[in-house]
Amino acid sequence: MQFAVNILVLASIYALIASGYVLIYRVSRVLNLAHGELMMFGAYLLVTTAAGLSSSPVVAILLALAMSLMVGGLVYLFLMRRMTGEMALAAVLTTVALGILLRGLILMFWSASPQHPRDTLGWENPVLMLPGDARISLFAALLVASTILVYAGLFAFLRFSRWGMRMRAAGQNPLLAAQRGINLHAVFALAWALSTFTGAIAGMLIALDSGLDSTMVMIGLKAFPAALVGGLDSLLGALIGALIIAAAEVGVIKYVDPLLADVIPFAVLVVMLVIRPWGLFGTREELDRV
Amino acid sequence: MTAEPLLVVEKLEVVYQRAITAIQGVSLKVYPNQIVALLGTNGAGKTTTLRAISGFLGLDDARVTEGTVTYRGIHLENREPYEVTRHGLSLVPERDKVFPNLTVAENLAVVPGRRGRSNRRMLEQVYHFFPGLKDLRRREAGLLSGGERQMLAVAAGLMCDPEMLLIDELSLGLSPVAVQSLTASLVAIRNELKISILLVEQSAVVALEIADMGYVLENGRVVLDGDAQRLLNHSDVQEFYLGHTGGDRRSYRDVKQYRRNRRWYG
Ligand SMILES: Nc1ncnc2c1ncn2[C@@H]1O[C@H](COP(=O)(O)OP(=O)(O)O)[C@@H](O)[C@H]1O
Ligand SMILES: [Mg+2]
């Protein structure tokens, strides 16, 4: 039972982060390799707002979330906007540079030492007992719940809201979307904002659960195979990809060797790329665009 | 014509990939409430002309290098497509004219409003001109027939609340029945909404039947223009776009003769 809970928690983390990769890729065909850093940046924003507003924790969290939404939008407007309608490769390289820049900024402002925003906010992280003698920490349970909420929200948003439809339309054919009067910059900025927002939720909850330092970026990197295994342009795929990767990782930790944990997501990815390079749920023709 | 023209294209030159000149010195005018046909064979530069008016994206690697596009006195060269659409010019492209994975209703719903008119009101208008779309509204656009797809494309263009529709290849690949119904819709749209239509066609019969004016493009230049009736009766148009040959089959020599004639026009 504990085994299943461990898989569920890890899968939630990967899925929550992977949704950000999928959002941006699906809407603008750009692989955002700075997503791990943006997620970590969101967590560090919470470190700062928590220090400033330790007496009102909820405000601190909401403020950090609002800031991460803005950071995502600003990254698009000031950096990625120039890449719109250009070759995808230039855009991907720009995100690599952005990631390096963010890592430097984080070291400069918050140092490399571990941070514990939950202590700053004066919150406990009690262990909850589940049926079957399994345990889960409060913030890990919140992580699972957030992932479910975020995915339900994203599905509904993309399916039913006008801006969600525009995001799907722009993803299919940006030129036609523009010709129909849709401001591509607004759509892409929204995708970046939402992606950074969901990433930051993951980063903040992980930090609240177990603290953070600059190695958090590794988690972001490990979520990337989850998005790719699922097919990069499919949210459902990201969800299932996250489950597969998490199951493989937790299984190997338990039955083989915990030291292999960080390698497993990429091993699964390599196997996947050999068998079915366009991912479980991806569209085949997407391949040549990456 | 006493009214001011709505759209004035003057000496337009478009270069692809910084090297390939696709059209050169193209000039045309569209007056309010007019249907204007833009004719020409494959590769003449019709699509390029429409795209230059409606705007290129970076990935097109195309630029207007000379000349002007003025709409109601506003310069539109090298603007982004969404800006041009919001000025009231909406394009129905030649290929990829609908979002295949979106339903018919979604294809219409993604279009932002203009002039403060609600999406619902525009939708009513669109269903008035294309009642057939209402029954198809839950269908994915990728599953539509050619005629239905063209109907949806024109309808989505109308959702942009335009004062001028730019339609690229209305009849290409469609059955005569579908073409008949579409041209009838276009005439109704022009008459009821008082908008203008710049209609690109390879089939001169289809276009000149409903057009007031026409331009003939060849090798990126305008070689003939005039009112639709005059063009229909013009001997060159009769021979090369309508296939009326007075009985003889056209031989290659005749084509060369025609080319020589062209030069005197140019
Ligand atoms: N994307 C492009 N890159 C380079 N050349 C192009 C491109 N699109 C069109 N052309 C060239 O421009 C000329 C006009 O093409 P086009 O405007 O598509 O003609 P039409 O629509 O009348 O068939 C052709 O010679 C064509 O080869
Ligand atoms: Mg064409």
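Refer to the structure above for everything that follows.
Residues numbered from 1 in each chain as written. Chains lettered and ligands numbered in written order. Predicted model: local features only at pLDDT ≥ 70, side-chain atom pairs only at ≥ 80, totals over all residues. Heavy atoms only, no water.

J.: Please clarify how the coordination of the magnesium ion (ligand 2) should be interpreted in this entry.
T.: In an ideal octahedron of six donors the angles at the metal are 90 or 180 degrees, and in an ideal tetrahedron of four donors they are 109.5 degrees. All of the protein donors around the magnesium ion (ligand 2) are Thr-47 of chain B (OG1) and Glu-94 of chain B (OE); their distances to the metal are 2.0 to 2.4 Å. Taken together, the residues span a long stretch of sequence, with Thr-47 of chain B in helix H1 (residues 46–54) and Glu-94 of chain B in the loop between strand E6 (89–92) and helix H3 (104–109) at a distance of 47 residues. (Donors = N, O, S within 2.8 Å, 3.2 Å for Na, K, Ca; no water. Helix = DSSP H or I, 4+ residues; strand = E, 2+ residues; numbered from the N terminus.)

J.: Before we go on, may I ask you to explain the side chain of Thr-94 of chain A in this structure?
T.: Residues and elements named next belong to chain A. Relative to the helices and strands, Thr-94 is located in helix H4 (residues 88–110). Given a relative accessible area of 15%, Thr-94 falls into the buried group. The residues contacting Thr-94, other than those within four sequence positions of it, are Leu-79, Met-80 and Met-83. (Buried < 20%, exposed > 50% of the residue type's maximum accessible area, 1.4 Å probe, protein only. Contact = heavy atoms within 4.5 Å.)

J.: Explain the site of ligand 1 here, please?
T.: Residues and elements named next belong to chain B. As a structural note, the neighbourhood of ligand 1 is formed by Tyr-16, Gln-17, Ile-20, Ala-22, Thr-41, Asn-42, Gly-43, Ala-44, Gly-45, Lys-46, Thr-47 and Thr-48. Gly-43 is positioned with one of its backbone polar atoms (N or O) 2.7 Å from an oxygen atom of ligand 1. Taking Thr-48, its side chain carries an N or O atom lying 2.5 Å from an oxygen atom of ligand 1. Out of a free accessible area of 550 Å², ligand 1 has 66% covered by protein chains. Per-element tally for the shell around ligand 1: the top contributor is H1, with three residues. (Near = heavy atom within 4 Å. Polar contact = N/O pair within 3.5 Å; in protein donor to acceptor, adjacent residues only side chain to side chain. Areas by Shrake-Rupley, 256 points an atom, 1.4 Å probe, with all protein chains shown as cover.)

J.: Which parts of the structure should I look at to understand the environment of Leu-193 of chain B?
T.: Residues and elements named next belong to chain B. Its location among the elements puts Leu-193 in helix H7 (residues 176–193). Overall, Leu-193 belongs to the partly exposed group, its relative accessible area being 25%. With 85 residues separating them in the primary sequence, Leu-193 and Leu-108 have C-alpha atoms 18 Å apart. In this structure, Leu-193 is in contact with Gln-125, Phe-129, Leu-158 and Ala-188, ignoring residues within four places of it in sequence.

J.: Quick question: what am I supposed to make of helix H4 (residues 119–129) of chain B here?
T.: If you check which residues of H4 of chain B are buried, you get Asn-119, Met-122, Val-126, Tyr-127 and Phe-129 of chain B. End-on view of H4 of chain B: buried residues confined to an arc of 155 degrees, all on one side of the axis. Opposite the packed face of H4 of chain B, turned more than 90 degrees from it, sit the exposed residues Arg-120 and Glu-124 of chain B. Looking at the buried residues of H4 of chain B, the elements they touch are helix H7 (162–172) of chain A together with H3, helix H5 (132–135), helix H6 (146–159) and H7 of chain B. (Arc of directions from axis to C-beta.)

J.: How should the sheet that holds strand E8 (residues 196–201) of chain B be read in this particular structure?
T.: The strands that make up a sheet pair up through hydrogen bonds in the backbone, lying either parallel or antiparallel. Residue and element names in this part refer to chain B. Read from one edge of the open sheet, six strands run E6-E7-E8-E3-E9-E10, paired in mixed fashion. Edge positions in the sheet fall to E6 and strand E10 (221–227), since each has one partner strand and no second. Averaged over all pairs of adjacent strands, the angle between strand axes in this sheet comes to 15 degrees, irrespective of strand direction. Of the pairings in the sheet, the one linking strand E3 (residues 35–39) to E8 comprises five bridges and is parallel in character. Residue pairing for E8: Val-36 is matched across the bridge by Leu-198. On the sheet, H1 packs against E3, E6, strand E7 (164–168), E8 and strand E9 (213–218) and is oriented at approximately 145 degrees with respect to E7. (Pairing = 2+ DSSP bridges. Axes fitted to C-alpha atoms, helices over the stretch in contact; angles between N-to-C directions.)

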